[in-house]
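Now for the letters of each chain:
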Amino acid sequence: MTPYSHEHITRVGVVGGGTMGAGVAEVCARAGLDVRVAVSSAVSATRAQERLTASLARALRKERITEALREQVLERVEFTTDRTELADRQLVIECIVEDEPTKMSLFAELDKIVEDPEAILASNTSSLPIMKLARATNRVGHVIGMHFFNPAPDLPLVELVGSLLTEDRTMARAQTFTVDVLGKEIINSQDRTGFVVNSLLIPYVLSAIRMLESGFASAEDIDRGMVAGCAHPLGPLRLADLIGLDVVASVSVALYEEFKEQSFAPPPILRRMVEGGLLGRKSGRGFYAYQ
């Protein structure tokens with residue numbers, strides 16, 4: 001592939017102001033980009049602003065950023081409840097709920113809104129096929145997967161995923177931008193549900209959940225075993241709580257539907273916890289309790 005200048009991408013749009021949306025916006029703003037975040041309501045805008053402010057405060061306390069950079073990031077990020085204000089963006093990154101019909105509807109809308117025919121429409125999906133999202137638009141060659149990991153400002157990896165219809169030029173621009181501008185590491189994946197990381201991670205997490213469900217071992221012992229015995233920074237159940245049990249379940253279902261392998265099927269206890277709103281850290285309770 002021919003490298004293309006990342007200088008063509010200076011205006012970035014983000015759709016969604018949740019944990020990932022706010023995190024991706026912060027990453028882009030730290031890199032000096034003009035960032036506009038589209039959210040669903042004024043309440044969502046306030047919450048997204050609070051997430052961004054809190055994340056920057058943590059980074060400042062840990063001396064990962066300076067006070068000057070914190071102020072610059074806050075100035076570079078603006079929030080809107082009107083998606084048509086993304087019209088001038090050169091890259092739009094979707095960070096909404098992991099639901100295929102909802103994402104497809106959004107991509108169809110963005111296709112009509114974003115004016116630059118060379119603009120890249122990217123999804124932060126952790127599991128859904130990029131081809132389906134691309135086919136919702138009239139610019140299939142400019143749609144990619146751009147999967148950041150939580151917390152986006154701290155974790156270095158981005159999975160880049162092109163569909164069979166994604167143009168080489170689009171992938172080259174995305175690679176150069178992600179590495180040279182955002183300072184991230186990339187791995188490339190084929191357009192398969194789960195991509196690289198979740199295809200390996202989710203069966204591991206589900207295996208731990210089944211072990212707990214069967215009474216084989218306690219949550220504490222399962223996690224301690226992988227931290228102290230395998231040098232993992234987090235045990236699988238605490239990791240599931242961090243990811244969000246609704247996300248784990250959603251990716252699990254998508255993987256099972258694509259590959260029909262039993263190791264991808266969500267255990268009953270995971271389904272019941274999601275139905276009960278026990279989603280992990282973000283709800284205050286999952287496999288562990290959080291204040």
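Residues numbered from 1 in each chain as written. Predicted model: local features only at pLDDT ≥ 70, side-chain atom pairs only at ≥ 80, totals over all residues. Heavy atoms only, no water.

Colleague: Where do I start with the confidence of the model for the protein chain in this structure?
Modeller: In low-pLDDT regions, the fine details of the predicted coordinates are not to be read closely. Put simply, the protein chain has an average pLDDT of 95, and 98% of its residues get 70 or more. Segment residues 1-5: pLDDT under 50, and nine contacts once partners within four positions in sequence are set aside and those in other chains are kept. (pLDDT = per-residue confidence, 0-100. Contact = heavy atoms within 4.5 Å.)

Colleague: Is there a simple way to explain helix α2 (residues 42-61) in this structure?
Modeller: In an α-helix there are 3.6 residues to a turn, and that puts residues three or four apart on one side. Taking 1.5 Å of rise per residue, 20 residues should cover 28 Å, and α2 covers 29 Å from first to last C-alpha, within 8% of that figure. What α2 keeps buried is the set Ala45, Ala48, Leu52, Ser55, Leu56 and Ala59. Within α2, the buried residues cover an arc of 95° as seen down the axis, which keeps them to one side. Exposed residues pointing more than 90 degrees away from the buried face of α2 are listed as Ala42 and Arg61. For α2, the elements touching its buried residues are α1 (19-30), α3 (67-76) and β3 (77-80). Of the residues one or two after α2, Glu63 is the one with positive phi, at around 60°. (Helix = DSSP H or I, 4+ residues; strand = E, 2+ residues; numbered from the N terminus. Expected span 1.5 Å × (residues − 1). Buried < 20%, exposed > 50% of the residue type's maximum accessible area, 1.4 Å probe, protein only. Arc of directions from axis to C-beta.)

Colleague: Help me out: how do you make sense of the pairing of strand β5 (residues 120-123) in this one?
Modeller: Both faces of the sheet carry side chains from a regular strand, because those side chains alternate between them. A two-sided burial pattern is seen for β5, the buried positions comprising Ile120 and Ala122 on one face and Leu121 and Ser123 on the other. Judged from the four bridges that link them, strand β4 (residues 91-94) and β5 form a sheet pairing that is parallel. Its bridge partner being in β5, Leu91 is matched across the sheet by Ile120. As a crossover connection, the stretch from β4 through helix α4 (residues 100-113) into β5 is right-handed. Across three bridges, the pairing between β5 and strand β6 (residues 143-148) is parallel. The partner of Ser123 across the bridge, within β6, is Gly145. (Pairing = 2+ DSSP bridges. Right-handed = clockwise from strand over helix to strand, strands pointing away.)

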